[in-house]
Each structure stands twice: as structure tokens, then as C-alpha cells.
Amino acid sequence: MIDIDDVVSQTFLRQGHWYQELDSTNNRALEIAADCEIETPVLLGATHQTAGRGRGSNRWWSSNGTLKFSVLLDMKDLGIAQSDWPRFSLGTALSVAETLESYVPARRVGVKWPNDVWIGQRKVCGILIEQSDRVSDRLIVGIGLNINTDFAEAPEEIRSVATSLFAESGQQFDQQAVLIQFLRRWEQTMMAQRSGNWSLPALWSRLCVLIGRQVIVSSTAEQLFGQCLGIANDGALLVDTGAIRRCYAGTVRLVATSDSA
Ligand code: BTN
């Protein structure tokens, strides 16, 4: 169990609530987002989720070893304009990746656009960002971070693509310490973004798992195939399909090549 008062006292959060069980921390955060009186940022976390949600219509499988929480943010209060929200989303993934690097220094931690975090070729963290339909300046950032997750009980389709700090290192980690370290790093990232001289492409290129690789980007509008060149300063994924295309939404798949197997 997380000592949430301790987490609040050491970070930029104004409030926090930790539950033994919730359907989804994002659902709970969406409910309270409608309350105009609520002080933000507020964190809602749960030891167990009965209906964790992933991007699109995906479910999010997790065990108690997975750190699961959502942070309700008022983006106006934070000084991050709506046009800058895509970069904020990428900055969140970067902050997770930078945090995890210090726990598994021997492994390659990376980011997969837009905001998955990988260790090697496997996903260690998923991020689901949703906008409140009641108070439009409010975002809910839901994070599922596989820290001590043991995938023995996981469905096969999860076991083949997911990993955890424990699976990578054989060590158990203190979930609360990881949470505090991430929140501090994330605050610094937001401050840098707000300052206006934040070079996201430079930071991203060090950790990007797609650069130089052949990718397929699928969106509702189209499917693109080409070589990933990295990201632009506005957060768009750059894909060389013969012409350089900028992608703002979609799901990316790496195309397996003989040297990537
Ligand atoms: C994804 O990669 O598809 C996003 C996964 C996000 C999972 C987290 S766990 C905490 C929060 N509550 C949810 O129901 N989902 C997010």
C-alpha cells in the first residue's frame, strides 16, 4: 500500500487518494474532474483495478505489482496551452523513461511514440490521457507502470509483449519510491516545457525506439509505411515514405527486418 500523504508531501501534488480497489483510476478521476472546487493536481491510485482501461477499446491487464494511478491536472493552472498538449503527452512518457533508466541501468529503456515506454522490445508502461468532458482545461493522465509485475498469471497475449522492472532485473522495487521519483521528474519536465526553450526532439531522439526503423502508422484516415526519422518540435512523428510525412495520431507498428529479429 502506498502512503499517499507522504507522496503528496514530497511532490507537486495538492491531494492524493489511494484505494484498495477501483474499477479504473481514470474513471474515478473523470468523475471528480467535474467538481470545479477540487484542488489540483490530485492523484488517484489503486492497488487493484477491476476494469483497467488502455488506449482505444483496449483493456489494461495488471497485477498488484503494477503501479496504477491517474493524475487530474488543470492545464490552464499549469500554463500549458491546448496546442502544446501533444508535447505534454510525449514529455510524460519521457519522464517515465528517464525515471526507469536509473532502476535498470543495464537495460535499454526507450519511448515508442506517442507515449508507450519500453524496455528492450517490450512494453513496461502504458499511458492513457483523457480530457474531462465537463471542464475542458482538465486532463486525466492515467499511468500503468509494471514495477514488480510477475506475468505468470497474465494472458498469453500480454506475456509475449510486456515486461516489468522485476522481469528485467530479478529485483523487487519500492513502488512508492518510483512514484515519487517519477512525479518529481515530471514536474521538472513540465517546467521546462512551460519555459519555452525545451528541445523535445533532442531529448526524444536519445530514447526513441523507432528512429531509423521501418514503421507502419495506422490512423482512422490512412495507413503509412516508411522509415521513422524521429519527431518534430510540435511532437509529430516524422515518417519518410518517399516524402516526409508528419503524423499527429495513430498506432505505430515496427516492421520486422532481418537485423531487428
Ligand atoms: C495503454 O497503453 O493502452 C494505456 C494503459 C493505461 C493504463 C492505466 S492504469 C491506471 C489508469 N487507469 C486505467 O484504467 N488506465 C490507466
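Structure: see above.
What comes next concerns the included structure.

Attention now moves to the site of the ligand. Around the ligand, the surrounding shell holds 19 residues, and the nearest of these are S24, Q49, R53, R55 and K123. Within the side chain of Q49, a nitrogen or oxygen atom sits 2.9 Å from a nitrogen atom of the ligand. K123 has a polar side-chain atom sitting 2.5 Å from an oxygen atom of the ligand. Isolated, the ligand exposes 420 Å² of accessible area, and the fraction of that covered by the protein chains is 98%. Within the residue set of the shell around the ligand, elements represented by two or more residues are α2 (25-33), β3 (66-74), β6 (122-131) and β7 (138-146). When residues of the shell around the ligand are assigned to their parent elements, the largest contribution, four residues, is made by β6. Split into classes, the residues belonging to the shell around the ligand amount to five nonpolar, ten polar and four charged.

Along the chain, Q175 falls in helix α7 (residues 175-195). Polar contacts involving the side chain of Q175 include one to the main-chain carbonyl oxygen of N64, which spans 3.2 Å. Of note is the side chain of Q175, whose polar atom sits 3.4 Å from the backbone oxygen of G65. Beyond its immediate stretch of four places on either side in the chain, Q175 contacts I2, N64, G65, T66, L67, I147 and N148.

So, on to the packing of aromatic side chains. On inspection of all chains with the given rule, the structure shows six aromatic pairs. Judged by centre distance (6.0 Å) and plane angle (75 degrees), the rings of F12 and W186 are edge-to-face. In this pair, F12 is assigned in the loop between α1 (4-9) and β1 (15-22) and W186 in helix α7, connecting sequence segments 174 residues apart. With respect to class, F12 is no different from W186; both count as buried. Ring pairing ties together the aromatic residues F12, F69, F88, F182 and W186, which thus form one cluster.

The next thing to look at is the sheet that holds strand β12 (residues 251-254). One open sheet accounts for five strands, arranged β11-β10-β9-β8-β12; its pairing is antiparallel. Of all strands in the sheet, those with a lone pairing partner are β11 (244-247) and β12, marking the two edges. Pairwise comparison of adjacent strand axes, ignoring direction, gives a mean angle of 45 degrees for this sheet.

This next bit is on the packing of helix α4 (residues 85-101) against α7. Running from N to C, α4 and α7 point in directions that differ by 140 degrees, and their axes come no closer than 9 Å. The orientation of α4 with respect to α7, classified from their angle, is oblique. Here α4 runs over α7; the crossing is right-handed. In this structure, α4 contributes R87, F88, G91, T92, S95, V96, E98, T99 and L100 to the contact, and α7 contributes V178, Q181, F182, R185, W186, T189, M190 and Q193.

The amide bond that connects T40 to the next residue, P41, takes the cis arrangement and shows omega of 0 degrees. Structurally, P41 can be placed in the loop between α2 and β2 (42-49).

Here we take up the sheet that holds β1. What the seven strands build is an open sheet, ordered β1-β2-β3-β7-β6-β5-β4; its pairing is mixed. The sheet is open, and its two borders are formed by β1 and β4 (109-112), each paired with just one other strand. Each neighbouring strand pair of the sheet contributes to a mean axis angle of 20 degrees, computed without reference to strand direction. Both β6 and β7 contribute to a ladder of seven bridges, which runs antiparallel. Each residue of the ladder has a partner; that of E130, found in β7, is I140. Most of the contacts of α7 go to β3, to which it runs at about 30 degrees, and overall it touches β1, β2, β3 and β7.

One face of the sheet, then the other: side chains in a regular strand alternate in exactly this way. With nine of nine residues buried, β3 lies mostly within the body of the structure. Neither face of β3 is left uncovered, since the one carrying T66, K68, S70, L72 and D74 and the one carrying L67, F69, V71 and L73 both have all their residues buried. In the sheet, β2 pairs with β3 via four bridges, with the strands oriented antiparallel. Residue pairing across strands places V42 opposite L72, the latter belonging to β3. Relative to β7, β3 is paired through nine bridges, and the arrangement is antiparallel. Residue pairing in the sheet places T66 in a bridge with N146 of β7.

Procedures and definitions
Residues numbered from 1 in each chain as written. Predicted model: local features only at pLDDT ≥ 70, side-chain atom pairs only at ≥ 80, totals over all residues. Heavy atoms only, no water. Near = heavy atom within 4 Å. Polar contact = N/O pair within 3.5 Å; in protein donor to acceptor, adjacent residues only side chain to side chain. Areas by Shrake-Rupley, 256 points an atom, 1.4 Å probe, with all protein chains shown as cover. Helix = DSSP H or I, 4+ residues; strand = E, 2+ residues; numbered from the N terminus. Nonpolar A, V, L, I, M, F, W, Y, C, P; charged D, E, K, R; others polar. Contact = heavy atoms within 4.5 Å. Phe/Tyr/Trp six-rings, centres within 6.5 Å; stacked < 30°, edge-to-face > 60°. Buried < 20%, exposed > 50% of the residue type's maximum accessible area, 1.4 Å probe, protein only. Pairing = 2+ DSSP bridges. Axes fitted to C-alpha atoms, helices over the stretch in contact; angles between N-to-C directions. Parallel < 35°, antiparallel > 145°, perpendicular 65-115°, else oblique. Left-handed = near helix turned anticlockwise from the far one by under 90°.

Such coordinate-based values are descriptive only and should not be taken to indicate function.
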